Structure formats: structure tokens, C-alpha cells
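Fold and contact review
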Amino acid sequence: MEDAMLQLPKAELHLHIEGTLEPELMMELAQKNHVSLPYDSVDAIRQAYQFTDLQSFLDIYYAGAAVLQDESDFTSLTWAYLLKCKEDNVVHTEIFFDPQTHTARGIAFETVLSGITTALKRGEDELGISSKLILCFLRHLSEEEAMKTLDQALPYKDQIIGVGLDSSELGNPPEKFQRVFARAIEEGFIPVAHAGEEGDVSYITGALNLLHVKRIDHGVQCIHDEALMDRLVKERIPLTVCPLSNIKLRVFDTMAEHNILQLLDRGLAVTVNSDDPAYFGGYINENFAAMRRSLRMNDQQLKQLAINSFEASFLEPEKKAYWI
Ligand code: HPA
Ligand code: ZN
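All values derive from a computational prediction rather than experimental measurement.

Cut-offs used in this document
Residues numbered from 1 in each chain as written. Chains lettered and ligands numbered in written order. Predicted model: local features only at pLDDT ≥ 70, side-chain atom pairs only at ≥ 80, totals over all residues. Near = placed C-beta within 6 Å. Nonpolar A, V, L, I, M, F, W, Y, C, P; charged D, E, K, R; others polar. UniProt positions renumbered as here; feature names shortened; annotations may be inferred. Helix = DSSP H or I, 4+ residues; strand = E, 2+ residues; numbered from the N terminus. Contact = placed C-beta atoms within 7 Å. Buried ≥ 20, exposed ≤ 12 C-beta atoms within 10 Å, placed from the backbone. Axes fitted to C-alpha atoms, helices over the stretch in contact; angles between N-to-C directions. Left-handed = near helix turned anticlockwise from the far one by under 90°. Pairing = 2+ DSSP bridges. Right-handed = clockwise from strand over helix to strand, strands pointing away. Core = buried A, V, L, I, M, F, W, Y, C linked by C-beta atoms within 7 Å. Parallel < 35°, antiparallel > 145°, perpendicular 65-115°, else oblique.

Another aspect to go through is the site of ligand 1. If you check the shell around ligand 1, you find His16, Gly19, Leu54, Asp166, Ser167, His194, Glu197, Ser245, Asp275 and Asp276 and nothing else. The class makeup of the residues in the shell around ligand 1 is 1 nonpolar, 5 polar and 4 charged.

Right, let's talk about the UniProt feature "site: Important for catalytic activity" (unreviewed entry) in the protein for a bit. UniProt feature "site: Important for catalytic activity" (unreviewed entry): in the numbering of this structure it lies at His218. Mapping His218 onto the fold places it in strand β6 (residues 215-218). Among all residues touching His218, those that are not within four sequence positions of it are His194, Ala195, Gly196, Glu197, Val241 and Cys242.

What follows deals with unusual backbone geometry. Although it is not a glycine, His212 adopts a positive phi angle of roughly 60°. Tracing the sequence through the fold places His212 in the loop between α9 (201-209) and β6. Residue classification places His212 among the partly exposed residues on the basis of 14 C-beta atoms within 10 Å. Positive phi values are uncommon outside glycine, yet Arg236 reaches one of about 50°. Assignment of secondary structure puts Arg236 in the loop between α10 (226-234) and β7 (239-241).

Okay, the packing of helix α4 (residues 71-88) against helix α6 (residues 109-127) next. With their axes 7 Å apart at the nearest point, α4 and α6 run at an angle of 35° to one another. Read as a crossing pair, α4 and α6 show a hand that is right-handed. Here Glu71, Ser72, Asp73, Phe74, Thr75, Thr78, Trp79, Leu82 and Lys86 of α4 lie close against α6, whose contacting residues are Thr111, Val112, Ser114, Gly115, Ile116, Thr118, Ala119, Leu120, Arg122, Gly123 and Leu127. The residue makeup of the contact of α4 with α6, split by class, is 8 nonpolar, 8 polar and 4 charged.

With that out of the way, let us pick up the pairing of strand β3 (residues 130-138). Residues in a regular strand project their side chains so that they alternate between the two faces of the sheet. Burial within β3 is extensive, with 7 of its 9 residues counted as buried. Of the pairings in the sheet, the one linking strand β2 (residues 90-97) to β3 comprises 6 bridges and is parallel in character. Looking at β3, one finds that Phe97 is bridged to Leu135. Two elements, β3 and strand β4 (residues 162-166), share 5 bridges in a ladder whose sense is parallel. Note on β4: the bridge partner recorded for Phe137 is Leu165. A crossover links β3 with its parallel partner β4, the connecting element being helix α7 (residues 143-153), and its sense is right-handed.

This next bit is on the nonpolar core. In this structure, Phe97, Ile116 and Ala207 are the most contacted members of the largest nonpolar core, which totals 88 residues. It is β3 that contributes the most residues to this core, 6 residues altogether. The residues touching Phe97, leaving out its near neighbours within four places in the chain, are Ile17, Val112, Ile116, Leu133, Leu135 and Cys136.

Quick look at the packing of α7 against helix α8 (residues 178-186) now. Closest axis-to-axis distance for the α7/α8 pair is 9 Å, and the angle between their directions is 15°. Regarding the angle of α7 to α8, the classification is roughly parallel. Along this stretch, α7 crosses α8, giving a crossing that reads as right-handed. Together, Glu143, Ala146, Met147 and Leu150 of α7 and Arg179, Val180, Arg183 and Ala184 of α8 make up the contact between the two elements. Residue composition of the contact of α7 with α8, grouped by class: 5 nonpolar, no polar and 3 charged.

Mapped onto the elements of the fold, Asn246 is located in helix α11 (residues 243-248). Distance in space between the C-alpha atoms of Asn246 and Glu257 is 11 Å, their sequence separation being 11 residues. Among all residues touching Asn246, those that are not within four sequence positions of it are Val220, Val251, Phe252 and His258.

The subject of this paragraph is the sheet that holds strand β1 (residues 10-16). Strand order in this open sheet of 8 strands is β1-β2-β3-β4-β5-β6-β7-β8, and the pairing throughout is parallel. Of all strands in the sheet, those with a lone pairing partner are β1 and β8 (270-272), marking the two edges. Sheet twist, expressed as the average angle between the axes of neighbouring strands with direction ignored, equals 25°. Two elements, β1 and β2, share 5 bridges in a ladder whose sense is parallel.

We now examine the UniProt feature "binding site: Zn(2+)" (unreviewed entry) in the protein. Following the UniProt record, one finds the feature "binding site: Zn(2+)" (unreviewed entry) at His14, His16, His194 and Asp275. Taken along the chain, the residues just named run across 262 residues; in space they keep tight, none of their C-alpha pairs more than 11.8 Å apart. Within the secondary structure, His14 is located in strand β1. Not counting chain neighbours up to four residues away, the residues in contact with His14 comprise Asp217, Thr240, Cys242, Asn273 and Asp275. Mapped onto the secondary structure, His16 falls in strand β1. Of the residues examined, His16 has 27 C-beta atoms within 10 Å and is grouped as buried.

Structure below.
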């Protein structure tokens, strides 16, 4: 990307590692692992990425993840993402992973975790990129299954900074996971949750009041509630916004209608993130570039968004201070 402003150092705070599976790697791993795909070429995979809403994406995304089988596959996936970070000058990243997507297929929790962390360590050593991991519970599955996943994570507490909540939002409100989050907090995990992507403001207030989250993932529906926006400003609860994702999943019809700069100018701690970049048309700088094209974002706003990304991160205070 030739724009010098886009080379500002930044942090990414909303990124599903399974959502960085590019069609080329999907094909390669399908062949290696003898997994059959309903596509016969990389182009055919890309062609299939036409979504009408969150669920239509999730169906394809979970099917694609089936090519990830052994530890080295998770390392390849994560390493490829870190190389993208390097290109976009993402110097710190907080990565979501969905263990249930894999354990349901008979892949061990440890295989997933150690595959990812091998790449993260190499990213720190060779690329100078720091990282944290956040375990997401799949909200379309039961509370009991989430609790079981939390149990599996306990021996690896030192490698996982937080817990989150993703997958189908509508019909799976925060209260379904209140007990799981209470226990995760007791165990020292930092809570975050997807809320207010497709769901209305009650999903955001539920995440705040019942799950005690420190950040809201997406959260763009807060614009419909002035009192909630006041609270988010006052309590400095960041929103990890994902502009290209919101267009692809039809949360907004066009980028020109996206509310991210309105929320920023209203004083909310909004950040820019890529969510599932292999599926939504690009990594973090492509998100900034699309905003620049359609939203008349100026350099000051871009700079503020980069600063917000570090402020909203779970980096240690001295590391935060270094980047701000
Ligand atoms: N929303 C909910 N679940 C998800 C997403 C998302 O944007 N990406 C991956 N899982
Ligand atoms: Zn997400």
C-alpha cells in the first residue's frame, strides 16, 4: 500500500485466526490432508464468498476450517497471517481462536493451541510482532460445551489472556454464557464478547452488565442508544470495529454508510480490525484504504484510530506507552 499514513504502527484486536485461511492454503491443506472440498479451484473458492448475512458466512467458514488437521497446519495458518501483519505494520495482534470448531472434529485442544503458539513465538523472535490469544466460545453451542472448553483451557492459562464469544449472535444472547464468563473471570481471563453486530443494543448492554466485558467486538449497533454511547465513552469501553466485514455481511449496505467515524467523533474508543480477512476482502490496511475511499477519513482520524488500537489493547502498560 503506497500511502505513507497506512504504514503507521498499529495493533489488531479483532481477528479470527480461522478467518485468515486464504483459498490457496485451503486447497493446499485439503490435498495434503485428503479432505474433500466442494470446490475444484482457488477461483471457485473465492467465487463462493458471496454472503447475505452472518450465518451465510459462518456456514462456509466452518466448512473451510475442516482442512486444518495437524499442529503444523495451525502453525502455517498463523505464520501466513503474521507475514500480512508485517506488510501492514501491525506490531501487536490479539488473536481469537475457536477451539470448538476443531475439537468437534476430533482435533485435540493442545494441537490447536501449540500449532498457533509456535508461529506466535517465531513472529515475536523473527518479525518483532507481539501477540496475545483470546479463546472464543461458539455461542450457537450450549453453555455446558463452553464450560467444557474452559476446563480444557485451564492448564494453558499462561498462554491465553482472555475469553470471547463469537458465532451466531441472534438468538444466542449474553445471558446464555453468564456462568461461563463468571468462572473464566475468576480464573483470571479477561472477558470480551461480540455484541451489536447483527444483534440489537440489548446484546451490548447484556455483554457489559452480565459478562462484564472489557471490550465490545463490533458494537456498531450502539448508535441507536444515546445513553449506551454515553456509557461507552465514560467507561472507556473500546469497540473493535471491522468495516469490510460489516459490508460483506450486510450490516451496512455500503462503506459510505458505515458509522465508524461518527462513533469516533462522538468520543468512543473505536478501533479498526479485519475480523476474517481471507473471507472479507482484506487485511487491516485494506480496511483503512476502503474507509479512506468512501468515508473521507482524514489523517487525524486515521492517527487517532491507530492510537486507539494500542490504548484498547491488553498490552502491558509500559509496552502500550511505547507505541502511543
Ligand atoms: N461474528 C461472529 N462470529 C464470527 C465472526 C463474526 O464477525 N467471525 C468469525 N466468527
Ligand atoms: Zn469477529
